[in-house]
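Geometric and topological summary
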Amino acid sequence: MKVYVTRKLSGDSLARLQSEPDLEVTVWNQEAPPPPHDLHRAVRGLHGLLCLVTDRIDAALLDAAGPQLKVVSQMAVGVNNVDVAACAARGVAVGNTPGVLTETTADLAFALMLAAARRLLEAADYVRKGDWTFWSPTTLLGVDVYGATLGIVGLGATGQEMARRAAGFDMRVLYWSRREKPEIAQGLGATYRPLPDLLATADFVSLHVALTPETHHLIDAAALARMPPHAILINTARGDVVDEAALIAALRSGQIAAAGLDVTAVEPVPLNNPLLLLPNAIVLPHIGSASRATRTKMADMAVANLLAGLHDQPLPHAVRA
Ligand code: GLV
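**Considering the environment of aspartate 262**
One can find aspartate 262 in the loop between strand E11 (258-261) and strand E12 (281-283). Along the primary structure aspartate 262 and alanine 109 are separated by 153 residues, whereas in three dimensions their C-alpha atoms are 8.1 Å apart. Residues contacting aspartate 262, with those up to four places away along its chain left out, are Leu108, Leu112, Asn235, Thr236, Glu267, Leu284, Pro285, His286, Ile287 and Gly288.

**A closer look at the packing of aromatic side chains**
Per the stated rule, a full pass over the model turns up two aromatic pairs. Centre to centre, the rings of tyrosine 175 and tyrosine 192 are 5.5 Å apart; their planes meet at 75 degrees, and the pair counts as edge-to-face. Of this pair, tyrosine 175 sits in strand E7 (residues 172-176) while tyrosine 192 sits in strand E8 (residues 190-192), and the two are 17 residues apart along the sequence. The exposure class of tyrosine 175 is buried, given its relative accessible area of 1%.

**A short note on the pattern of salt bridges**
Two side chains bearing opposite charge may form a pair once their charged atoms approach each other closely. All told, the structure shown has ten salt bridges when counted by the stated rule. When the shortest N-O distance is used, the salt bridge between aspartate 312 and lysine 70 registers 2.9 Å. Of the two residues, aspartate 312 is situated in the segment after helix H12 (292-310) and lysine 70 in the loop between helix H3 (59-65) and strand E4 (71-74); the sequence distance between them amounts to 242 residues. The exposure class of aspartate 312 is exposed, given its relative accessible area of 59%. By relative accessible area, lysine 70 is classed as partly exposed at 22%. Across the pair arginine 164 and glutamate 161 runs a salt bridge whose closest N-O atoms are separated by 3.1 Å. A residue pair is termed a helical-turn pair when its members lie 3 or 4 positions apart in one helix, as arginine 164 and glutamate 161 do in helix H7 (residues 157-168) at three residues. By sharing partners, the salt bridges in this structure join Glu103, Asp107, Glu161, Arg164 and Arg165 into a single network.

**Some points on the site of the ligand**
Close to the ligand lie Ala76, Val77, Gly78, Leu101, Arg238 and His286. The contact in question runs from an oxygen atom of the ligand to an N or O atom on the side chain of arginine 238, over 2.7 Å. Relative to its unbound accessible area of 190 Å², the ligand is 87% covered by the protein chains. A per-class count over the shell around the ligand returns three nonpolar, two polar and one charged.

Definitions and cut-offs
- Each chain has its residues counted from 1, running along the sequence as written.
- In keeping with the predicted nature of the model, local features appear solely for residues at pLDDT of at least 70, side-chain atom pairs appear and are counted solely at 80 or more, and the whole-chain, interface and lining totals rest on all residues.
- Water and hydrogen atoms were dropped before computing side-chain values, which therefore reflect all heavy atoms in the structure.
- To qualify as a helix, a DSSP run of H or I must reach at least 4 residues; to qualify as a strand, a run of E must reach at least 2; elements of each kind are numbered from the N terminus.
- A contact between two residues is defined here by any heavy atoms of the two lying within 4.5 Å.
- We call Phe, Tyr and Trp rings a pair once their centres come within 6.5 Å, taking the six-membered ring for Trp, and we label the pair stacked below 30 degrees between planes, edge-to-face above 60, and tilted otherwise.
- Each residue is assigned to one of three classes by its accessible area relative to the maximum for its type, calculated with a 1.4 Å probe on protein chains only: buried under 20%, partly exposed between the two thresholds, exposed over 50%.
- Salt bridge, as used here: a side-chain nitrogen of Lys or Arg that lies within 4 Å of a carboxyl oxygen of Asp or Glu.
- The rule for a residue being near a molecule or strand is that one of its heavy atoms must lie within 4 Å of it.
- Between N or O atoms, a polar contact is any pair within 3.5 Å; within protein, one atom must be a potential hydrogen donor and the other a potential acceptor, and residues adjacent in sequence are included only when both atoms are from side chains.
- Under the convention used here, a 1.4 Å probe and the Shrake-Rupley method define accessible areas, while residue burial counts only the protein chains that appear.
- Polarity classes work like this: nonpolar for Ala, Val, Leu, Ile, Met, Phe, Trp, Tyr, Cys and Pro, charged for Asp, Glu, Lys and Arg, and polar for all others, with Gly in that last group.

In structure tokens form, the structure reads like this:
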């Protein structure tokens with residue numbers, strides 16, 4: 001059976017895949033993702049595809065692959081780049097890698113919150129530029145994270161881990177989720193608030209929802225207008241959960257104080273994106289799950305899903321349409 005892997009993976013999972021006797025494994029060996037044209041050519045006649053968030057897996061690609069395709073295994077928890085319904089319609093199983101990246105992503109969200117609150121990037125630049133010529137009681141003043149109110153938008157696995165971290169900083173935790181989760185929330189010391197209330201109340205708002213048609217631009221101009229001027233927005237979910245043009249306007253006008261973003265509407269973020277010139281925006285290159293250990297676990301899970309799909313077994317972690 002033919003398998004295509006759209007990048008080199010961390011750890012030894014690729015070697016294990018390559019040692020499977022009945023598989024012919026091809027790997028896109030460059031650092032950058034395969035351009036769509038190359039991917040379309042590469043998938044012809046495939047039985048299994050192991051892909052990443054950078055690859056668009058749509059109906060046209062599935063048709064280019066052909067009816068023998070059994071499984072699309074995505075090495076990520078989010079699958080907004082995969083047309084899951086089109087896969088289901090063609091009997092193609094879809095796998096993802098939930099769970100193993102939860103803590104690592106929550107660590108990064110918390111790091112972004114601390115960095116934005118205490119202006120770490122500006123402070124490091126200040127030192128590098130040689131501006132630190134004397135100590136001053138009023139230089140680079142930020143805001144406290146400890147004791148502040150955190151609004152978690154989406155109390156899934158990563159949102160819950162964010163709440164656990166917040167408890168260690170004596171934060172008051174509010175959450176909004178599609179449906180209330182009273183038992184989980186009680187264990188976390190988190191209180192449900194309708195989204196408009198949460199936005200109006202929280203000092204920090206951290207986004208942890210999947211990107212779906214319902215959450216596309218969930219944080220739009222109206223949502224940003226509800227936030228107080230000292231509020232800080234953290235996004236480690238997907239860029240399109242936020243209306244980026246509205247966010248840029250809000251950061252420019254001082255409608256909100258700052259943003260810490262691991263994700264942007266277009267990735268990689270174009271160098272002319274105004275976010276990169278704003279002193280109150282931190283933009284990272286989508287590294288939420290980027291610890292060595294976690295990326296290795298994700299690769300292992302993606303390979304396990306792929307092998308199960310190839311052998312017509314239920315996937316250990318299947319995504320349903
Ligand atoms: C990363 O963005 C993921 O969804 O795993």
